[in-house]
Structures are given as structure tokens and as C-alpha cells.
Amino acid sequence: MQNFINTMTPVEWGLLGIAVLALLFAFMAWRRAGRALQLVKNQPIVDQARHEEPEQQDEQRPAVALEITADKDEYEQVSLQISNTGRLAARYVKLNIDEPENVYDAENLGAGIESANVTTSSAIMPRLAVLDAENKLPVNEILQGKTIGLPAALTMSHGKICDFPVTLVWKDENGTSHQKKLTLTV
């Protein structure tokens, strides 16, 4: 044995040390995987409790909850996003956009919201309209958790921020009519 140890070179000793370290790390990983497997085996009771919570949350959510947002890109093109966060589908969704309640000059916002409000001094009020509304509206159906996009046109609003009153009207899966009034800021 002494003869065998004396014939080993430093490179072989280094390789032996690396092999021993690799064996040690493999053993530690094996033990850790065994502990993780035991935790997974004991977990189903906790998982059942977690699965019950979303069902309770689903019951607390309204049947249909429609929300509308406006996305404006760098070219001043606007698209409206109508999303349904309720439990049931919304059918025959109609959208009505009125004249803006407030118009703010974006450059004067630093001086305060009162000085930036140009609603009364604007000769021409901005308008927001859905493009090809005759063919796009009413939307036949928006399923739960889905969002639809509608291309829109925003006119006379360069350098302005507008608050448009929006009314959403729809029927739920039971045929009951609903209405929601929102303010859409573009």
C-alpha cells in the first residue's frame, strides 16, 4: 500500500480529491432530494386547502365584470381593451363614448391640475370613437378572463389628456341586462 501511495503523482492526487468531492456532493444532493420527496408526499393536504380558496374567490367575484382601458402608442394611435374579469361570459356588449368631461393640457400639468384644465377654454373638444363601429359593435361575446381589442380614433387631442365618460351595456349568460359607467383617461 505504501508503495502504491508513493507512485501516485500530484496530478493523480488532485484528480482523486476532485472525485472524492464529486462523490460528497452527489451524496448531499441525494439526501436533499430524499427530503424533498418526503415533503411532497406530505403536501396533498395543504394543496387541497389551497385549491379551495380560488373556488371561494370565484364565488365572491361578480357574474360579469367588464373593464375598459385605452392604449396609446408613440404614433398617437389608440386601441381600446375590454376585459371580462367575472365568472360568466358577457354577451352583446355595447359601448357608448360621450364627450370628454375634462381636458388637460399635458404641457401645463407641472403648474397644477387646475391651471392645466382647458375644458372650458377649448373651442374644439377631442373625440374618441371606435373604428368601424357598425361592424365591431355590439361585441357578440367576451368569455371570462378574456380581453378583446377595438381600434379607435382620437381626434383633436394632440398634447392633451382627456377623461371620457364611457357606458358599457351587456347581457350575462342568463339574459339579464347590465350597465356600467366608467371614466376612461386617454
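Okay, so let's go over this structure. (Residues numbered from 1 in each chain as written. Predicted model: local features only at pLDDT ≥ 70, side-chain atom pairs only at ≥ 80, totals over all residues. Heavy atoms only, no water.)

Considerations on the pairing of strand 8 (residues 160-171)
Link 1 in the chain: Examined bridge by bridge, strand 3 (residues 90-97) and strand 8 share 5 bridges and lie antiparallel to one another. When the sheet's bridge partners are listed, R91 is paired in strand 8 with K171.
Link 2 in the chain: Two strands pair when backbone bridges link them, and strand 8 and strand 9 (residues 177-185) are joined in this way by 9 bridges, in the antiparallel orientation. Within strand 9, the position partnered with K171 by the bridge is S177.
Link 3 in the chain: Taken together, strand 8 and the strand that follows it, strand 9, pair antiparallel across an intervening segment of 5 residues, in which G175 is found at a positive phi of about 90 degrees. (Pairing = 2+ DSSP bridges. Helix = DSSP H or I, 4+ residues; strand = E, 2+ residues; numbered from the N terminus.)

Regarding unusual backbone geometry
Link 1 in the chain: Positive phi, close to 50 degrees, is recorded for Y92, a residue that is not glycine.
Link 2 in the chain: On the secondary structure map, Y92 appears in strand 3.
Link 3 in the chain: The partly exposed category is assigned to Y92, whose relative accessible area is 47%. (Buried < 20%, exposed > 50% of the residue type's maximum accessible area, 1.4 Å probe, protein only.)

With respect to the pairing of strand 3
Link 1 in the chain: With 3 bridges connecting them, strand 3 and strand 6 (residues 139-142) associate as antiparallel partners. Following the sheet pairing, A90 is matched in strand 6 by I142.

Focus on the pattern of salt bridges
Link 1 in the chain: Following the criterion strictly, the structure yields 2 salt bridges and no others.
Link 2 in the chain: In this structure, E67 engages K180 in a salt bridge whose closest nitrogen and oxygen atoms are separated by 2.6 Å. With E67 in strand 1 (residues 66-72) and K180 in strand 9, this residue pair connects regions lying 113 residues apart in the sequence.
Link 3 in the chain: Residue classification places E67 among the partly exposed positions, given a relative accessible area of 34%.
Link 4 in the chain: One salt bridge in this structure joins R91 and E141, with 3.0 Å as the shortest N-O distance. Highlighted residues: R91 in strand 3 and E141 in strand 6, separated in sequence by 50 residues.
Link 5 in the chain: Among the residues examined, E141 registers a relative accessible area of 36% and is labelled partly exposed. (Salt bridge = Lys/Arg side-chain N within 4 Å of Asp/Glu carboxyl O.)

Bear in mind that shape data such as this cannot, by itself, settle questions of function.
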